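Here is how the chains run, residue by residue.
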Amino acid sequence: MELIFATGNQNKVKEFQQELAGKYDVKTLAEIGFTDELPEDQDTIEGNSLQKTQTLYNLIKKDCFGEDTGLEVAALDGEPGVYSARYAGDQKDSEANMDLLLKNLNGKKDRSAQFKTVITLILSDKVYQFEGILKGTIGHCKKGSGGFGYDPVFVLEDGRTLAELTLEEKSTVSHRGKAVRKLIQFLQNDYIYKVE
Ligand code: IMP
């Protein structure tokens, strides 16, 4: 079964391939020659996930999925949330985003945070969504060289940051890993009944 993944983010592609390889024929936008930027200007993670995926589906009319992720920090009223990518400006610079986050949390006691991923799947015009959440805290400095985005400041229960995990370890615990396993479970159950 072929599924097109509505993202231009190679880090996300790697994480999805970790889970989906051998099960589904996942094609990236680059592989199908799609170079346009997909819109994401909604005010919720669910809305952005749907907008990206629906836009791609309307253009290519093929089964596809997309996802949107945000970091929600309790002491900042859920920010950066949908603004996670552009928190420190339109250049989408992860280092600058983390620096601003650490600055905004300076002196705050509550450093609890969560990553939230929402995957949208569109199969034959029907829309499905799957959520994955990872709870943790924001550290006081950056640690680790793996992962991407806010991983170096996102601290897990065991004291390691997401950037200190291997790709495999990150997939086991992460928001995106949890959401993608729900997607896989759905596809497996749904397709038991569809003999073609
Ligand atoms: P988007 O889902 O591509 O819009 O990502 C929003 C922002 O969250 C970007 O700044 C990403 O770098 C960041 N982000 C998304 N997923 C992760 C993750 O798994 N770890 C750390 N940062 C992430």
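This text gives an overview of the structure that appears in the document. (Residues numbered from 1 in each chain as written. Predicted model: local features only at pLDDT ≥ 70, side-chain atom pairs only at ≥ 80, totals over all residues. Heavy atoms only, no water.)

### Some words on helix 2 (residues 45-60)
Part 1 of the argument: Given a rise of 1.5 Å per residue, 16 residues ought to cover 22 Å, and the 23 Å separating the end C-alpha atoms of helix 2 matches this to within 8%.
Part 2 of the argument: Those residues of helix 2 not exposed but buried are I45, G47, N48, S49, Q51, K52, T53, L56 and Y57.
Part 3 of the argument: Its side-chain oxygen placed 2.9 Å from the backbone nitrogen of G47, T44 serves as the N-cap of helix 2.
Part 4 of the argument: Immediately downstream of helix 2, the backbone of K61 shows phi near 50°, a positive value. (Helix = DSSP H or I, 4+ residues; strand = E, 2+ residues; numbered from the N terminus. Expected span 1.5 Å × (residues − 1). Buried < 20%, exposed > 50% of the residue type's maximum accessible area, 1.4 Å probe, protein only. Polar contact = N/O pair within 3.5 Å; in protein donor to acceptor, adjacent residues only side chain to side chain.)

### Regarding the packing of aromatic side chains
In this description, a pair of aromatic rings is defined by centroid distance and the angle of the planes.
Part 1 of the argument: All chains considered together, the criterion is met by six aromatic pairs.
Part 2 of the argument: Ring geometry for F115 against F154: centres 4.7 Å apart, planes inclined by 40°, an arrangement best described as tilted. Taken as a pair, F115 in strand 5 (residues 112-123) and F154 in strand 7 (residues 154-155) lie far apart in primary sequence, 39 residues in all. Pair check on accessibility: F115 and F154 agree, each one buried.
Part 3 of the argument: When the centroid spacing of 5.4 Å and the interplanar angle of 55° are considered together, the rings of F130 and F186 count as tilted. Of this pair, F130 sits in strand 6 (residues 126-138) while F186 sits in helix 5 (residues 175-192), and the two are 56 residues apart along the sequence.
Part 4 of the argument: Residue F130 is classed as buried on the basis of its relative accessible area, which comes to 9%.
Part 5 of the argument: What links up through ring pairs into an aromatic cluster is the set F5, F16 and F65. (Phe/Tyr/Trp six-rings, centres within 6.5 Å; stacked < 30°, edge-to-face > 60°.)

### A short note on the side chain of H175
Part 1 of the argument: Structurally, H175 is set in helix 5.
Part 2 of the argument: On the basis of relative accessibility, which here comes to 2%, the residue H175 falls in the buried class.

### Observations regarding the pattern of salt bridges
Part 1 of the argument: Applying the stated criterion across every chain, the model contains 15 salt bridges.
Part 2 of the argument: Note that E40 is salt-bridged to K52, the shortest N-O span being 3.6 Å. Taken together, the residues span a long stretch of sequence, with E40 in the loop between strand 2 (25-28) and helix 2 and K52 in helix 2 at a distance of 12 residues.
Part 3 of the argument: Classification of E40 by relative accessible area gives partly exposed; the value is 32%.
Part 4 of the argument: Its relative accessible area of 8% is what places K52 among the buried residues.
Part 5 of the argument: One salt bridge connects K52 with D68, and the closest N-O pair in it is separated by 3.1 Å. Residue K52 is found in helix 2, and its partner D68 is found in strand 3 (residues 64-73); the two are separated by 16 residues along the sequence. You'll find K52 and D68 in the same group, each marked buried.
Part 6 of the argument: It is possible to trace a salt-bridge network through shared partners that takes in E2, D25 and K27. (Salt bridge = Lys/Arg side-chain N within 4 Å of Asp/Glu carboxyl O.)

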